[in-house]
Amino acid sequence: MTRTAASPKRGLLPEGKSIGHLLLEGRAFIALLVIIIIFSSLSPNFFTMDNLVVMTRHVAVNAILAIGMLMVILNAGIDLSVGSTVALSGVVAGYLLQGVNLPFWEAVAYPAVWVVVIISIVIGALVGSVNGILVSKFRVAPFVATLGMMYVVRGIALLITNGLTFPKLGGSETLGNTGFDWVGFNTILFVPVGVIVMILIAGGSSFALNKTPFGRWLYASGGNERAAELSGIPVKRVKISVYVISGAFAAIAGLILTSELTSATPQAGNSYELTAIAAVVIGGASLMGGKGTIRGTLLGAFVIGFLSDGLVIIGVSEYWQMVFKGAVIVLAVMLNAVEYKSRKAKTPIVSPKPASVGAASTPGKD
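Residues numbered from 1 in each chain as written. Predicted model: local features only at pLDDT ≥ 70, side-chain atom pairs only at ≥ 80, totals over all residues. Heavy atoms only, no water.

Regarding the overall build of the protein
Okay, so step 1: Helix and strand counts for the protein come out as 14 helices and four strands.
Okay, so step 2: Within the protein, contacts between residues at least 6 apart in sequence are counted, and of these 76% link residues at least 24 apart.
Okay, so step 3: Here the protein displays about 20300 Å² of accessible surface, and carbon together with sulfur accounts for 67% of that area. (Helix = DSSP H or I, 4+ residues; strand = E, 2+ residues; numbered from the N terminus. Contact = heavy atoms within 4.5 Å. Areas by Shrake-Rupley, 256 points an atom, 1.4 Å probe, with all protein chains shown as cover.)

Description of the side chain of Asn51
Okay, so step 1: By the secondary structure assignment, Asn51 is in helix H3 (residues 49–74).
Okay, so step 2: Residue Asn51 is classed as buried on the basis of its relative accessible area, which comes to 16%.
Okay, so step 3: Discounting residues that sit within four places of it in the chain, Asn51 has contacts with Asn45, Phe46 and Ile313. (Buried < 20%, exposed > 50% of the residue type's maximum accessible area, 1.4 Å probe, protein only.)

Here's the deal with the side chain of Asn131
Okay, so step 1: With respect to the helices, strands and loops of the structure, Asn131 is situated in helix H5 (residues 113–136).
Okay, so step 2: On the basis of relative accessibility, which here comes to 0%, the residue Asn131 falls in the buried class.
Okay, so step 3: Contacts of Asn131, omitting those with residues within four sequence positions, involve Asp79, Ser81, Ala145, Thr146, Met149 and Tyr243.

Describing the pattern of salt bridges
Okay, so step 1: Across all of its chains, the model carries three salt bridges by this definition.
Okay, so step 2: Here Arg139 and Glu225 are joined by a salt bridge, their closest N and O atoms 3.9 Å apart. Taken together, the residues Arg139 in the loop between H5 and helix H6 (142–161) and Glu225 in helix H10 (residues 225–230) connect sequence positions 86 residues apart.
Okay, so step 3: The network of salt bridges with common partners includes Arg139, Glu225 and Lys239. (Salt bridge = Lys/Arg side-chain N within 4 Å of Asp/Glu carboxyl O.)

Re empty space enclosed by the protein
Okay, so step 1: This structure, assessed with the given rule, holds one cavity of 30 Å³ or more.
Okay, so step 2: Approximately 50 Å³ is the volume found for the largest cavity. (1 Å grid on protein atoms, 1.4 Å probe; cavity = no way out; pocket = protein on both sides within 12 Å on 5 of 7 lines; lining within 4 Å. Points joined across faces, edges and corners; volume = space filled by probe spheres on them.)

Let's talk about the packing of aromatic side chains
Okay, so step 1: In the structure shown here, the tally under the stated rule is five aromatic pairs.
Okay, so step 2: Consider the rings of Phe39 and Phe46, whose centres lie 5.5 Å apart with planes at 35 degrees: the pair is tilted. Judged on exposure class, the residue Phe39 and its partner Phe46 are both buried.
Okay, so step 3: Three or more aromatic residues joined by ring pairs make a cluster, and in this case those are Phe39, Phe46, Phe302 and Phe306. (Phe/Tyr/Trp six-rings, centres within 6.5 Å; stacked < 30°, edge-to-face > 60°.)

Some points on the environment of Phe180
Okay, so step 1: Relative to the assigned elements, Phe180 resides in the loop between H6 and helix H7 (182–185).
Okay, so step 2: In this structure Phe180 comes out as buried when scored by relative accessible area, which is 1%.
Okay, so step 3: For the pair Phe180 and Thr262, spaced 82 residues apart in sequence, the C-alpha separation works out to 6.8 Å.
Okay, so step 4: The residues touching Phe180, leaving out its near neighbours within four places in the chain, are Ala93, Leu97, Val113, Val117, Leu169, Leu255, Thr258 and Ser259.

Thoughts on the packing of helix H12 (residues 272–282) against helix H13 (residues 294–313)
Okay, so step 1: Put simply, H12 and H13 touch, their axes get as near as 7 Å, and they point 120 degrees apart. Taken together, the axes of H12 and H13 lie oblique to each other. Handedness of the crossing formed by H12 with H13: right-handed. Judged by residue contacts, Thr275, Ala278, Ala279, Val280 and Ile282 of H12 engage Gly296, Thr297, Gly300, Ala301, Val303 and Ile304 from H13.
Okay, so step 2: For the contact of H12 with H13, the per-class residue count stands at seven nonpolar, four polar and no charged. (Axes fitted to C-alpha atoms, helices over the stretch in contact; angles between N-to-C directions. Parallel < 35°, antiparallel > 145°, perpendicular 65-115°, else oblique. Left-handed = near helix turned anticlockwise from the far one by under 90°. Nonpolar A, V, L, I, M, F, W, Y, C, P; charged D, E, K, R; others polar.)

Focus: the confidence of the model for the protein
Okay, so step 1: Of the residues in the protein, 84% have a pLDDT of 70 or more, and the chain-wide mean is 85.
Okay, so step 2: In the predicted structure, residues 4–10 sits below a pLDDT of 50 and forms zero contacts with residues beyond four places in sequence or in another chain.
Okay, so step 3: Overall, residues 349–366 carries pLDDT values under 50, and its contacts beyond four positions in sequence, including any with other chains, amount to one contact. (pLDDT = per-residue confidence, 0-100.)

Points about the packing of H3 against H13
Okay, so step 1: At their nearest, the axes of H3 and H13 sit 8 Å apart, and the two run at 135 degrees to each other. Between H3 and H13, the angle falls in the class oblique. In this structure, H3 crosses over H13, and the sense of that crossing is right-handed. Residues Asn51, Leu52, Met55, Thr56, His58, Val59, Ala63, Ala66, Ile67 and Leu70 of H3 form the contact with H13, whose own contacting residues are Ile294, Thr297, Leu298, Ala301, Phe302, Gly305, Phe306, Asp309 and Ile313.
Okay, so step 2: The residue inventory of the contact of H3 with H13, partitioned by class, reads 13 nonpolar, five polar and one charged.

Section: H6
Note that an α-helix has 3.6 residues per turn; residues three or four places apart therefore point the same way.
Okay, so step 1: For H6, with 20 residues, the first-to-last C-alpha span of 28 Å sits near the 28 Å given by 1.5 Å per residue.
Okay, so step 2: Of the positions making up H6, those classed as buried are Ala145, Thr146, Met149, Met150, Val153, Arg154, Ala157 and Thr161. The arc that holds the buried residues of H6, viewed along the axis, is 155 degrees, so those residues lie on one side. Opposite its buried face, H6 presents the exposed residues Val144, Tyr151 and Leu159, each directed more than 90 degrees away.
Okay, so step 3: Where the residues of H6 are buried, they touch helix H4 (82–97), H5, helix H11 (235–261) and H12. (Expected span 1.5 Å × (residues − 1). Arc of directions from axis to C-beta.)

Next up, the structure:
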């Protein structure tokens, strides 16, 4: 009776992965759990249903921004103009909801809320398209192009309002405009409308990245733009598209924020671009492009949001809040560097087989 060699015993861990590697991959989820445990022990009001709803409503704005930022970062870019776009979309909405003077007819027009929403999102997409054209067509560095647009867009918002705020966006129900607070305060089945918008955007974006040619093109062009271009992928079109998406998502986030505040200010969205980048990095995306997920980005947004709200609840100074958030971002970048360095080290380098002397090589075969 012949005995066969015993196959190696399979462990509980996935093949080729250690406990440390798994902990590194799940760091955003672990960080969120640690934050919940720590702040729940420090304050009995932190992990209550009412407070969770409030915190999730706060997270929704930054999560929508972060999803748009993820699209750009997957393409090895950056978008510093999203915070200004948040302000501009809110200001445009406030301007329209205040009523538009029509001197020729000697009347004031009050657009319906859905018209205001569409106009604001289109303006955000236009800002993104300018960014995309500057980066793809004119080869301007993404950092420089979007930094310039950040100031341009913020300046336009200030010009529209003359530096002031549009308060009390109540609208006029008799004129078909019921105001703009329904997004910020209304709920559907006890879930805030802003959170539902976040879920829909996250679901749609995840489907686009994982199930459509656009997603494959985006990951490919972000990983190696030259190789993607040689493979027939419309690299420039993809690049413009991600900036348009980022601008549109920033406008949506601005509308939600304006609705929550029931006022529009040109100073809204200050430093929101940095929070969005932080959420993407904490979620495990590579700033070099080609790596990142919607799930990780959402977890990163919740880590930043719950940390900020938790520090406020326990009464930590605003200055220390900045220190803690900055430390979390630096730690996330360091862990990303460790993870991708270890992946690169484990990737086998396959050298091509040299062809035999005098033998003709056949396409598709060694």
